[in-house]
Every structure is written in C-alpha cells, then in structure tokens.
Amino acid sequence: QAFVGSQSADCPALTWKEVVADETGTLIYTLTDECAELFECPKGLYCAAGAYETNAGMNDAAEYFAEFWWPSFDGRCIVINGFVNGSYAYACECGYGMWCPLNTALPRFVPKEYYSRRPDTIKKCKEGHYCKEGSVFGIRCNALQNCPRGSSRPANSSGPLVAFVVLTFLTFIVFKIIESSREKSRTKADQEMHDYLDFVVAANNDDNEKKTTTQVVPIMNDEKKDGIRIEFHDIWYTLPNGITIMRGVSGTLEPGRVAAIMGASGAGKTTLMNLISGKVKKTGGSILVNGKETINLSNTISRVAFVPQEDIMHRHLTVLENITFSAQLRLPRTWPNEMKKSLIISTLVQLNLNKIEHSIIGDEYQRGISGGQRKRVNVALELVADPKILFLDEPTSGLDSVSATELVKLLRSITETNQLTVAAVIHSPGPSAFLTFHDFILLQTGGRPIYVGEMSKTEAYFASIGFKRPEDSIEPLADYVMICTSGKIEPDYEIATLRLNDEDTEWNHLTSFHILWHQFLGIPPPLNDDDTALKDTVRAQEKWLIYFKDIIFSWFVEYPNLLIKQFCPQNKSDPQRPTPNSFEIFLLCLKRAVKQQYVSFKSFFISTIVVFFIIGNAIASLSGGNLNVLGGYPPDICLKQYPQLRATCLDLQQNSYTNALQFSGFILIASAAAISASTFGKEQTIYWREAASNLNTPAYFFAKVFADIPICFLSALSVTAGFSTGFISPMPFPQLLAGYILYTIFGFLSGYFLSFLLPYSSVALAGVGWAVFWSLLMGGTTIVMSDNRESRWFWTLSLGRWVNEAFFYGTTVYPYEKVRQGPEKGQDLFDMNRRKQTLLFFLTYGEAAGYGALVCLIFLFINLFVITATKLDKKK
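Description of the structure in this document. (Residues numbered from 1 in each chain as written. Predicted model: local features only at pLDDT ≥ 70, side-chain atom pairs only at ≥ 80, totals over all residues. Heavy atoms only, no water.)

A short note on the overall build of the protein chain
Moving on, step 1. In terms of helices and strands, the protein chain carries 28 helices and 28 strands.
Moving on, step 2. Counting all 876 residues of the protein chain, 52% fall into the buried class.
Moving on, step 3. A sequence separation of at least 24 residues applies to 70% of the contacts in the protein chain between residues at least 6 apart.
Moving on, step 4. In the form shown here, the protein chain has an accessible surface area of approximately 40,000 Å², with 57% of it arising from carbon and sulfur atoms. (Helix = DSSP H or I, 4+ residues; strand = E, 2+ residues; numbered from the N terminus. Buried < 20%, exposed > 50% of the residue type's maximum accessible area, 1.4 Å probe, protein only. Contact = heavy atoms within 4.5 Å. Areas by Shrake-Rupley, 256 points an atom, 1.4 Å probe, with all protein chains shown as cover.)

Things to note about the sheet that holds strand β21 (residues 292-294)
Moving on, step 1. Judged by pairing direction, the sheet is antiparallel, and its four strands sit side by side in the order β18-β17-β20-β21 without closing on themselves. With partners counted over all chains shown, the strands left at the sheet margins are β18 (244-253) and β21, one partner each. Sheet twist, expressed as the average angle between the axes of neighbouring strands with direction ignored, equals 25°. (Pairing = 2+ DSSP bridges. Axes fitted to C-alpha atoms, helices over the stretch in contact; angles between N-to-C directions.)

Here we look at the state of the cysteines
Moving on, step 1. Applying the stated rule across the entire model yields seven disulfides.
Moving on, step 2. One disulfide bridge connects Cys-41 with Cys-47, the sulfur atoms lying 2.2 Å from each other. Where Cys-41 bonds to Cys-47 through sulfur, the torsion about that S-S bond is close to 90°, and the disulfide is right-handed. For the pair Cys-41 and Cys-47, a shared accessibility class is recorded, and that class is buried.
Moving on, step 3. With its sulfur 2.1 Å from that of its partner, Cys-125 forms a disulfide with Cys-131. Taking the sign of the S-S torsion, about 80° here, the bridge from Cys-125 to Cys-131 comes out right-handed. Each of the two residues, Cys-125 as well as Cys-131, counts as buried.
Moving on, step 4. Unpaired in this structure, Cys-712 has its nearest cysteine sulfur neighbour in Cys-856, at a distance of 8.8 Å. (Disulfide = S-S within 2.5 Å.)

Here's the deal with the sheet that holds strand β24 (residues 421-425)
Moving on, step 1. Ordered by their spatial adjacency, six strands build an open sheet running β22-β23-β24-β19-β25-β26, and the pairing between neighbours is mixed. On the outer flanks of this sheet lie β22 (304-307) and β26 (448-454), each paired with one strand and no other. Across the sheet, the axes of successive neighbouring strands diverge by a mean angle of 15°, strand direction being ignored.
Moving on, step 2. Relative to β24, strand β23 (residues 389-393) runs parallel, the two being bridged by five bridges. Residue pairing in the sheet places Asp-393 in a bridge with Val-425 of β24.
Moving on, step 3. The sheet contacts of helix α11 (residues 477-485) involve β19 (257-263), β25 (439-444) and β26, and relative to β25 the element is tilted by about 25°.

Quick notes on helix α21 (residues 684-691)
Three or four residues apart is the spacing at which side chains of an α-helix point the same way, because the helix has 3.6 residues per turn.
Moving on, step 1. Burial analysis of α21 places seven of its eight residues in the buried class, which makes it a mostly covered element.
Moving on, step 2. Every buried residue of α21 is accounted for by Gln-684, Ile-686, Tyr-687, Trp-688, Arg-689, Glu-690 and Ala-691.

A look at a nonpolar patch on the surface
Moving on, step 1. On the surface, Leu-144, Val-162, Val-166, Phe-169, Leu-170, Phe-172, Ile-173 and Ile-177 cluster together into a nonpolar patch covering about 700 Å² of accessible area.
Moving on, step 2. Along the chain, Val-166 turns up in helix α3 (residues 159-206).
Moving on, step 3. Since its relative accessible area comes to 41%, Val-166 is described here as partly exposed. (Patch = residues over 30% accessible without salt bridge, like charges linked within 9 Å, V, L, I, M, F, W, Y side chains within 5 Å. Salt bridge = Lys/Arg side-chain N within 4 Å of Asp/Glu carboxyl O.)

Describing helix α22 (residues 697-724)
Moving on, step 1. Taking 1.5 Å of rise per residue, 28 residues should cover 40 Å, and α22 covers 40 Å from first to last C-alpha, within 8% of that figure.
Moving on, step 2. Along its length, α22 reaches its greatest deviation from straightness, about 35°, at Asp-708, and the proline Pro-710 lies no more than four positions downstream.
Moving on, step 3. Burial runs high along α22: 23 of the 28 residues are buried.
Moving on, step 4. Sitting at the head of α22, Asn-696 places a side-chain oxygen 3.0 Å from the backbone nitrogen of Ala-699. (Expected span 1.5 Å × (residues − 1). Bend = angle between axes of the 7 residues up to and from the residue. Polar contact = N/O pair within 3.5 Å; in protein donor to acceptor, adjacent residues only side chain to side chain.)

Overview of the side chain of Asp-311
Moving on, step 1. Within the secondary structure, Asp-311 sits in the loop between β22 and α5 (319-330).
Moving on, step 2. Judged by relative accessible area, which is 14%, Asp-311 ranks as buried.
Moving on, step 3. A polar atom in the side chain of Asp-311 sits 3.4 Å from the side chain of Arg-374.
Moving on, step 4. In this view, Asp-311 contacts Arg-374, Lys-375 and Asn-378; residues no more than four positions away in its chain are not counted.

Things to note about the pattern of salt bridges
Moving on, step 1. Taken as a whole and judged by the stated rule, the model has 24 salt bridges.
Moving on, step 2. Glu-382 is the salt-bridge partner of Arg-689, the closest N and O atoms lying 2.9 Å from each other. One end of the pair, Arg-689, is in helix α21; the other, Glu-382, is in helix α7 (residues 371-383), with 307 residues separating them in the sequence. The two residues Arg-689 and Glu-382 agree in class, both being buried.
Moving on, step 3. For Lys-457, the salt bridge identified is with Glu-454, shortest N-O distance 4.0 Å.
Moving on, step 4. On the accessibility criterion, Lys-457 (48% relative accessible area) is partly exposed.
Moving on, step 5. On the accessibility criterion, Glu-454 (34% relative accessible area) is partly exposed.
Moving on, step 6. A cluster of three or more residues bridged by salt bridges with shared partners is formed by Arg-229, Glu-231 and Glu-254.

So, to be careful, I would describe these as geometric facts and stop short of saying anything about function.
So, in structure tokens, the structure goes:
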C-alpha cells in the first residue's frame, strides 16, 4: 500500500533516551527531545513507533502504523495527534506489572519496593507488605515477618526459628514419654525375672535339691517331652553341573542328644544340615522322622530352628528385646502372654543371660555384650521358639575355649532336659567342648562319611583302622582325628590294608576312610576313584538337560512357592501351633522399628531436625533472595527484534522460583535416600533370617515404612522451615511443605529401593546419581518435554516432573497469570502460554501434586515387590 506521508526523520521508531526517575531512582526510557517536541505520550501508554507526518489525516497515519508497527484491531494501540499539524504518533497501552510515566518510549517493569495498580502511576510499598519488581499489589507479610514501608522482601522473619524451637520442644516431649515407657517396661521385666527366680528357688527347696538359679530348668514344665528322631539313609547331593558334593551319608539324630558335625573344608558339613532340614533338595537317599519317611522336615517346620554361624541380630536393641520379638513372632498365637513370658524368662535363665537382659547387643561403634554372650543370644533366639529340632552352624566360632565349652555344656543340658534333637557344625573345638557332645559325624572332602556314631567310641574306631592315638600325644582328640583325615599322619598300613582287603590298594586319605567306614557298617564299598570320577563327569548334553530342568523347577515351582511363603508364611502343616497373622506381625514389627528409630533424643534431634534445617537454610542462601517472575515484553516491541530473539522477548523474562525449587528437590531426594538406606540396608541379613522363620514380608515392610513416617515428615518440615529463612515466594507455606514432603517421601522410597539392590555402602553414592536423574534430568525444566515428545511417557514416572509442575503453578502461574487483588482482579497480568507450551505444564497445583502422590504410591508397591521377590534363596 502506498502511503501519503512518511516516518519523521527527527523522531524515528525505537529511539529513546535513558533517564533516572526522580521518585524511584531507577532508569526509565523516555522520548528523545526531538520526539517530545512533536508529540506527548500520555501516562499509562508508551510510544515506541516514533512520529509520522502526513497531510492525509489520521486515517492514513493509522493505516501506516498498523502496517509497519502493530495492528490496532485489538484496541491496545491508538493514534494520537502531535503538536504540529499533520504529525501523529502511535501510543500502546502498558500492561499490568509495567510502569509508563509521561512520555515513555519503552515500557519497563514496576521497580522493586513499589507497586502499580494502574500502569500510569506507582506507589511506595505499604508497611506490612513487600513488593518485588513487576508488582501490581504488595504481598502481605505474616505476623512473624518485619516489612517496613518500601520493602522489596521481608527484612527478617522469626517464623522459621519459631518453627525450629517448637519442633525441638515437641520432639523432646515425645522422647521423654518414650523413655518413661521404656523405663516402666524394664522395671516390669526385672520384677517378672525376680518372681521367676524366686519360684525356681522355692521349687528346688521343695525337692530338697541344692541348685543355683542358673541351673537348667525345663523350658515348658507342662509340655510333653516327646522328642523327634531323625534318620537319614544314603544321602546324596549332586550339583546341576554334575559335581557330587555329598556321597551316601547315613546316620541318626536322637532326641535328648547333641551331635557334632566336623570335617575338612569342602566336606559338606553345612550342606548335610541343609539337606536334612530341607533347605536344599537332596538328589538321593531317604529321611525318616519318628520312623515315617518324609521328603524333608517341612511337616515339622514349626518345631525346627536353625542357628546361623554369624550372630545375626539387632545390635542396637537389648538382649530381652531381641529374644522377645523372636518369641512373639514364632510361638503359637493361641498361647497366652504369660505363657510366652515364662518361656522367654526360662530361656534367659538357662543360657545365663538374665543378668544382661537390658544390655544392648552392641557393635563396633557402641560397646555391648561380650562375644560369648552374643553367641548365647544367637542360640536363645531359636530356643525361645520352643523347637524340637535345633541345627547350629559353628556356634563356637570366634570364642575362646572357656566360652566355647560353657556354651556347649549349656546346650547339652538344655537338650537333655527338653529332649531336643540337636546337630551342630563345629570347627576346631577345645578338648572339653568336643567331648561334651553325645554323637559325632565326621566327613571327608567331597561329602564322604568317615565316622557316624557315639562320641565315646570315636577314638576306638580310629584305632581299629590303623590310627591309634599315642598315649603321650599332646594333640586333643578333635585335632588328632582332623590331622588324620587331612593325610598328615600315616596309618598303620598293616591294619589299614588288612581292613581294605587288598594289600595292593594304595592308601588315599580322600577315599580310603570312606571305604573303611562302609566295611565297618557291613555294606558294599563305595565306587572306586575311577567310578566316582565317571559319576562326577556328566556328558555335556546331560549337563544342559539337568541345568534346564533345574531352571524350570526353580522358576515355575520353587520360586512361586517361596514367593507365596513371603506373603503367607503362617504354618499350615501344624494346626496345633497357629502363628501370628499378618496384622499381628505388623504390630510386632512396628513396635520394634519404633524402638530402633527413636532411641536417643540427641541423635534424632541432630540427624533429623538440625541437619535438615541447615540444609534448607543453605539451599535458600545458594538460591539468593531476588527470586521473581516477570512476564514478556509487549509483542509490538518484540517483533521488531532480531528474529532469533523474538521468542525470548515474548517469553517470561524471569522465572527463578522453579529452578531454585528444582535444585532443592535434588538435595532432598539425595539426603533422604542416604538416611533411609539404613532402614532396610543395615538389617538385610536379619530380615533374611526372620523371613526363613515366620516373618510376613509385607507386614514387615509396611511396619518399617510406618516407623519412618515421623522422620520423613519432620525432615520435610525442618528443611522447609530452614528454606523459608531466605526463600520468599507468593506460594503459600503449606504448598511448599506439601511439595517437599513428596520429595522426601520419594527420597525415602529411593533409599529403600537402592538398598534392596545394592550393597549398603554403595547406596549413598548411588542415591546422588538417582536424585540427579529424577529431579534434574527428568524434572521437566532442564530437559523439556516439548523437545522429547516421543518419550513423554518417561516423564510420567518422574516425581520431579510432577512436583516441578505443581511448584510452577504455585509460584508462577497462579500468582502472575491474573491480577489476584483489588478492582483489577481477574485481569491478565503476564502471558504464561509460551512457557506452558515449552514445559508442557498445564495442570493446577492440586492436580500435579496428586499425580506426584500417585507416583510415590506406585513406587511404594514396587519396593514391596522388590523386597519380597528378590533374594528368595536367602529366605529358605
């Protein structure tokens, strides 16, 4: 279109001069002197298009400005008359949040410390309010904030410090209540122990027997003492790769007797116990229980106990607390509490633990009971379950000879008194401890039996096969037989070869002992070395077939059964001994978890309140105090920019809240994960041991999670209070707290998850990478979803994305998209559409937070599945 007039040479478009405003001391962009001589730009409007000179009237000027500057169809720009006839200017209205005094060439945001309800005037921020740059109205300070007139942010706030003091006081009161309750429990337990000992002394006096209170008394005086006799015949076990590690072991475990199982390294001592108990499926042989053949001991599993080699127990609980939990978990739920308490006290007395019942177990950081006492507690954890069959894996390892002998003698007395059937794997026992056992099972490398019989006949048997122990030998019997079986002592070949029935047979300590034992029993000799080698060497195709069958059995039979057991561990094979249900186990585990987590006010106060308050304060300091949201510039100005800068000009000029909150989310997730890793990571072996007994895994899992809820909530509250010391935003405190609670919950769940899959020592470092991924990379602001639309579903699983979207709405969209106060309420403030389209954040705070909560809930059940479905072999 041809225009009659032309742009004024003295006042072209986009010319201005910088002036310091008298009232604010800030720069404003006014008309140049040449433009000011041609026209006056009214207040509340800006005139960036310069002057147009024409003789064709205002319509020609309007068409020119609409063509070359900005169309006037939206009504935001109008043509105004200049001072000189035929001179015109184009005035566009300032938006809310901007200030346009008289003769403004380019608009600017309302300076901090001021607010502007209308763009033509600004006012000093009122007392009791603070005004950031671009404010339409002042934000009211709360009662604990100091906001003098003209504040751009609260001068100081005592609110976070008050919250810190209140949290500390309430936590102190709660711990005092917990401590008082524990003291009452200890006093009650002491009285029950005193009454029990008085009863034992009185009973002994009535029988005119002089006994000390540490002598063994029956665990349950009214319990019928029928024992369980276990016979095992020709037990074999061959691995899927064809290697045989147990070769035809036979023997008997009698009630009221303790059998010692010894052998060289790789002899299969523990394997034999696992084969008899059913933890490992035998590949040959038979097992009889009280004369009835059975596959394993599953029908009597409620009366079977297994004491592991390691002292697996909660080190920060007391002796009584550990033993009481084991009793409550495994004893029949039909037993009254008094009956269970009697059994607990009786067990403590029998194992000489009554004087240390309130002592903590202790670890390398906190001194507790001695090693020998810890071994006895390890045994007590199983004895208190009222078993009939007891297996022990090296109960004397790590003990001195005196402590080992004391433990074995106590074990023998308890076995004889309660008619238990006991087998123990031992390693290098002292002379007294070794001879305390009733029976002896000796194995050679490869699972070959050397001797199975009474302990008292061991020396005579070895003498009969050419290993007569010298009368002046300084070697104890246990050491002597082990030296013989290791091949370090040569036999009397005349006796040995005679017994072998073949003078040409060369003595081989790995196989000859086995042959001699078969001859002693009067059964056919075992396969010779060649035949055994052939038996151990399976053709390749047979190995693959065995391996495939083993995989099929594991995945489709054994694995589902073990998984079901984790959810429903209640004993159904013995209806006379119903174990606690899931809810009862949940309450037991919750009570124990509370004792674990809330031990000391000092440690809890420092680790949960102080540390997280400092973290929040540090994040606020790093974030800076000038966080704000500012909208884009007017479109008519932005479209005159260099094309690559137009989008930036139209978009938000400042949006610093989201980035600051995203960074705090990363810190929270990483910190919470490092703390929560100990919830399960430090007690995995204890969980495996209890899961093999009667522990319901979901009940245990949810109990531990419930116990962590106060820590999780107080951590979030503390970090929010600390963060609020320097973080000022229009978002209400409850919304900030709710977002941080979601971050903390996710952090705790992350710590659980990583501790299930990784060694505990690696979780803290892995948690940092985990937090970086979910909060920074997948938070939706660093890598935006609009650039990766094909994988948007992945952001759906990210809690960081949902919390960031909630915070984006709470700090940016809701306060700044519309005017929220005064007569102008509801008017457009800043255009958020471009940023929404870039981030793909369209939800309200409640909607986004709700999705975040759903992600946490899903992650909770993923954790439950992982803890339940992994490491099943450890829970047999």
